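Summary of the model geometry
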Number of protein chains: 2
Amino acid sequence: LEGINVDESGFNFNIAIVGLGLIGGSYAMALKELNPHQIYGIDMNEKALEKALDKGIIDKGYKDGKIALKEADIVIIALYPEETVKFVKDNINSFKRGAVITDTCGIKTEIVEKINCSLPEDIDFIGAHPMAGKEAKGIEYASKDIFINANYIITPISRNSQENIKIIEKMAKGIGCKNVVCITPKEHDRIISFTSHLPHVIAVSLVNSHLKDNNIEMFTGGSYKDATRVAVINSELWSELFMLNSENLINEIERFEESIKELKKAIQTEDRCTLVDIFEKATEKRRKMM
Amino acid sequence: LEGINVDESGFNFNIAIVGLGLIGGSYAMALKELNPHQIYGIDMNEKALEKALDKGIIDKGYKDGKIALKEADIVIIALYPEETVKFVKDNINSFKRGAVITDTCGIKTEIVEKINCSLPEDIDFIGAHPMAGKEAKGIEYASKDIFINANYIITPISRNSQENIKIIEKMAKGIGCKNVVCITPKEHDRIISFTSHLPHVIAVSLVNSHLKDNNIEMFTGGSYKDATRVAVINSELWSELFMLNSENLINEIERFEESIKELKKAIQTEDRCTLVDIFEKATEKRRKMM
């Protein structure tokens, strides 16, 4: 694969964003600041297109993206995992030759495999996962700030051109991300099952473990609020992510269950020494990442 | 018991604060704004007293509190649970007649029982728990802002005077707390084992369930950071709290374990319907408290 040219002085591409929800809308806002040549929005929802045009964050909007795709140097697909694969397959003959396609899904192995198995040789799909979001959906909640200091994970494979990987890295840095790292799709899914999927499992389970919910807010401090923030969850998206990463996630849940059992045992046996050890270990590990 | 007079126009008392750490120091700062008559600081640590005097948040500092206690209308004990009980017992003959003593501990049943069983008739101990704090200790981290919009739980018993309970309520509102509620010590400990102790168990267990800790911060988003914030934990304080509330806490841990098992089963059996139900239940419950 030959890469498209990276213009060192700017980001002078035609960019198509597929799906103008919270994430796609935020990309449009953040990319607008990089002064690209054109930003095309593609969404089946006419209202989302209208809102994006009103906000001035896309130059043109399309319900059917075929025309826009022919012009787009970079295509950012901001759809749910299954829809992401479907979009590429449905539009396989409409991408510009040499185009770089990327996505925003929270799982990567299946996405990268399924998309690559049907891709023409002159089109490069580079999987990516911006670790940014909100407990809300829809373009009305979009904000260019969600990327500021966020982590951006890119999951290249051997067929991807180094030039194109650099474009995605440059874009990620350009929209404000702090750490931009490349790992394999498999590694991504294993790590993310711990750093993202497990915290969501925990938040949801914590909220649901409380039987009554009368006046609970009168008795909470920061710990409960923070621990349960992501329990306001997009059911459709997250059930899909969990199903597509089930093996890794089950492993992580079970390791967490062991960890909690160890702490419980220390309380049950009134073993304050072990409890203090457990606390000190956690404090040290958590401090390292601050 | 006869209560001391509440001055409607202000908070014109002599206040002694025992323990000038994060919490005690924050009380001193916040109470200073209410223009009380005098604020006395009592701490065995001379450096803490010096810092409090330098900041101008106490009027006088004492290593041995006997003189200050004779003058204090209100005594706020900001020590760990066992030390709180010990302080009252050690100073049982030094409190001013008619004084109102309160504390700041995260467990209440044992504190309230142990202190009341030895208290002279003309001294009122009213247990309280300001749900405010930080993952840090020491007066250098103190801030009057920790109370802003926090919850303040008061756990009166039948011997407490209504007048004195009102003083504590007024103080809590005065320093910025939003919800000031009265419940029994037993109810407090049961509810708090869920809203505060369990989230700390979870944060610690989540951090410890990760085997390696290399570069984890490159792959985290808000969910992991928020879920583990309180894993930086004061080992001495929290091991004491957990031991003193072990029965309630074990119950809550086990209910949480059931909740997580239910979610795990839905993933294992690829039961996306149940998973969506679980997510929607959590979303609805969590939304109610925003």
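Everything discussed here concerns the structure shown above.
Residues numbered from 1 in each chain as written. Chains lettered and ligands numbered in written order. Predicted model: local features only at pLDDT ≥ 70, side-chain atom pairs only at ≥ 80, totals over all residues. Heavy atoms only, no water.

Quick notes on the overall build of chain A
The line we're drawing: Under the DSSP-based scheme used, a helix requires at least four consecutive residues in state H or I and a strand at least two consecutive residues in state E, with every element numbered from the N terminus. Here's how the labels work: a residue is buried when its accessible area is under 20% of the maximum for its type, exposed when over 50%, partly exposed in between, all with a 1.4 Å probe on protein chains only. Throughout, a contact is declared for two residues whenever any of their heavy atoms are within 4.5 Å.
Across its full length, chain A holds 11 helices and 8 strands. Principal-axis analysis of the C-alpha atoms places the extent of chain A at approximately 70 × 40 × 35 Å. When the 290 residues of chain A are sorted by exposure, 59% land in the buried category. Contacts spanning at least 24 positions in sequence make up 72% of the contacts within chain A whose residues lie at least 6 apart.

Topic: empty space enclosed by the protein
Heads up, the rule is: As defined here, a cavity is a set of points on a 1 Å grid over the protein atoms alone where a 1.4 Å probe fits but cannot get out. A pocket is an open set with protein on both sides within 12 Å along at least five of seven lines, and residues line them when an atom is within 4 Å of a point. Grid points are joined across faces, edges and corners, and a volume is the space filled by probe spheres set on the points.
Counted according to the given criterion, the structure contains 2 cavities of 30 Å³ or more. When its volume is computed, the second largest cavity comes out at roughly 30 Å³. The wall of the second largest cavity is formed by P199, A203, D226, A227, T228, R229 and V230 of chain A together with S223, D226 and A227 of chain B. Among the elements of the structure, α7 (185-208) and α8 (222-228) of chain A together with α8 (222-228) of chain B are those that each provide at least two residues to the lining of the second largest cavity.

Overview of the relation of the copies chain B and chain A
Look at the two chain copies: a rotation about an axis and a shift along it is all it takes to match them. Rules: Copies are brought into register by a least-squares superposition over C-alpha atoms of residues with pLDDT of at least 70 in both.
Relative to chain A, chain B is turned by 180° and slid 0.0 Å along the rotation axis, the superposed coordinates differing by an RMSD of 0.1 Å. The symmetry that links the two subunits is that of a two-fold axis. When you check the interface residues of chain B against chain A, 100% turn up at the interface there too, and the contact is symmetric in its surfaces.

A short note on the sheet that holds strand β8 (residues 179-182) of chain A
Residue and element names in this part refer to chain A. Worth spelling out the cut-off: Criterion used throughout: strands pair if DSSP finds at least two bridges between them. Axis definition: a line fit to C-alpha positions, over the contact stretch in the case of helices; interaxial angles, taken between N-to-C directions, run 0 to 180 degrees.
Pairing within the open sheet is mixed, and its 8 strands lie in the order β3-β2-β1-β4-β5-β6-β7-β8. The sheet is open, and its two borders are formed by β3 (60-62) and β8, each paired with just one other strand. Recorded for the sheet is a direction-independent mean angle of 20° between the axes of neighbouring strands. Judged from the 4 bridges that link them, strand β1 (residues 14-18) and strand β4 (residues 74-77) form a sheet pairing that is parallel. For I15, the partnering residue across the bridge sits in β4 and is I74.

Regarding the side chain of D189 of chain B
All names here are of chain B. Filter applied, for reference: Definition of a polar contact: a pair of N or O atoms within 3.5 Å, with one able to donate and the other able to accept a hydrogen when the atoms are protein atoms, and with sequence-neighbouring residues admitted only if both atoms are side-chain atoms.
Take D189: it is sitting in helix α7 (residues 185-208). For D189, the side chain forms a polar contact with the main-chain nitrogen of K108, separated by 2.8 Å. Ignoring sequence-local partners within four residues, the contact set of D189 consists of I107, K108, T109, N245 and N248.

Focus on the packing of aromatic side chains
Short version of the rule: Two rings from Phe, Tyr or Trp (for Trp, the six-membered ring) form a pair when their centres are within 6.5 Å of each other. A pair whose planes differ by under 30 degrees is stacked, one over 60 is edge-to-face, and the rest are tilted.
In total, this model carries 13 aromatic pairs over all chains according to the counting rule given. Their ring planes at 55° and their centres at 5.4 Å tell us that F194 of chain A and Y224 of chain B sit as a pair that is tilted. Taken together, the residues span two chains, with F194 of chain A in helix α7 and Y224 of chain B in helix α8. For the pair F194 of chain A and Y224 of chain B, one class covers both residues: buried. Where F279 of chain A meets F242 of chain B, the ring centres are 5.5 Å apart and the plane angle is 80°; that geometry is what we call edge-to-face. Of the two residues, F279 of chain A is situated in helix α11 (residues 272-288) and F242 of chain B in helix α9 (residues 235-244); the pairing between them involves two chains. Accessibility classification places F279 of chain A together with F242 of chain B in one group, the buried group. Through a chain of ring-to-ring contacts, three or more aromatic side chains come together here, namely W238 and F242 of chain A together with F279 of chain B.

Things to note about the environment of V232 of chain B
Positionally, V232 of chain B belongs in the loop between α8 and α9. For the pair V232 of chain B and K134 of chain B, spaced 98 residues apart in sequence, the C-alpha separation works out to 9.6 Å. Excluding residues that lie within four positions of it along the chain, V232 of chain B makes contacts with T283, R286, R287 and M290 of chain A together with E135 of chain B.

Things to note about the sheet that holds strand β7 (residues 151-155) of chain B
All names here are of chain B. The 8 strands lie next to each other as β3-β2-β1-β4-β5-β6-β7-β8, forming an open sheet whose pairing is mixed. Bordering the open sheet on either side are β3 (60-62) and β8 (179-182), each of which pairs with just one other strand. Across the sheet, the mean angle separating the axes of adjacent strands is 20° when strand polarity is ignored. Relative to strand β6 (residues 124-131), helix α5 (residues 109-116) is tilted by about 160°, and along the sheet it contacts β5 (100-103), β6 and β7.

A short note on the environment of E82 of chain B
Among the secondary structure elements, E82 of chain B is positioned in helix α4 (residues 81-90). Taking the relative accessible area as the measure of exposure, E82 of chain B reaches 46% and is therefore partly exposed. As a C-alpha pair, E82 of chain B and P156 of chain B span 74 residues in sequence and 19 Å in three-dimensional space. When sequence neighbours within four positions are dropped, the list of residues in contact with E82 of chain B reads R272 of chain A together with E240 of chain B.

Here's the deal with the nonpolar core
Put simply, the rule reads: In these notes, a set of buried Ala, Val, Leu, Ile, Met, Phe, Trp, Tyr and Cys residues joined through side-chain atoms within 4.5 Å is what counts as a nonpolar core.
By size, the foremost hydrophobic cluster in this structure holds 114 residues, and its most contacted members are V75, F242, F256 and L263 of chain A together with V75, F242 and F256 of chain B. In this structure, V75 of chain A is in contact with A16, V18, L69, F95, V100, I101 and T102 of chain A, ignoring residues within four places of it in sequence.

A look at the pattern of salt bridges
Cut-off, in case you're wondering: Salt-bridge detection follows one rule: a side-chain nitrogen of Lys or Arg within 4 Å of a carboxyl oxygen of Asp or Glu.
A complete count under the given rule lists 34 salt bridges over all chains for this structure. Here D103 of chain A makes a salt bridge to K108 of chain A, at a shortest N to O gap of 2.9 Å. Assigned by exposure class, D103 of chain A and K108 of chain A land together as buried. Among the salt bridges present, the one from K51 of chain B reaches E140 of chain B, with a minimum N-O distance of 3.7 Å. On the criterion of sequence distance, the pair formed by K51 of chain B in helix α2 (residues 46-55) and E140 of chain B in the loop between β6 and β7 is long-range, its members being 89 residues apart. Shared partners join several salt bridges into a network, and the residues in it are E82 and E240 of chain A together with R272 of chain B.

So, the side chain of S235 of chain A
Turning to its location among the elements, S235 of chain A is positioned in helix α9 (residues 235-244). S235 of chain A sits in the buried class, given a relative accessible area of 11%.

Topic: the pairing of β4 of chain A
Within a regular strand, the side chains alternate between the two sheet faces. Residues and elements named next belong to chain A. Across the two faces of β4 the burial is the same, with I74 and I76 and V75 and I77 all buried. Pairing geometry for β4 and strand β5 (residues 100-103), over 4 bridges, is parallel. Note on β5: the bridge partner recorded for I76 is T102.

Focus on α5 of chain B
For α5 of chain B, every residue scored as buried is listed here: T109, I111, V112, I115 and N116 of chain B. Looking at the buried positions of α5 of chain B, the neighbouring elements they touch are α4, β5, β6, β7 and α7 of chain B.

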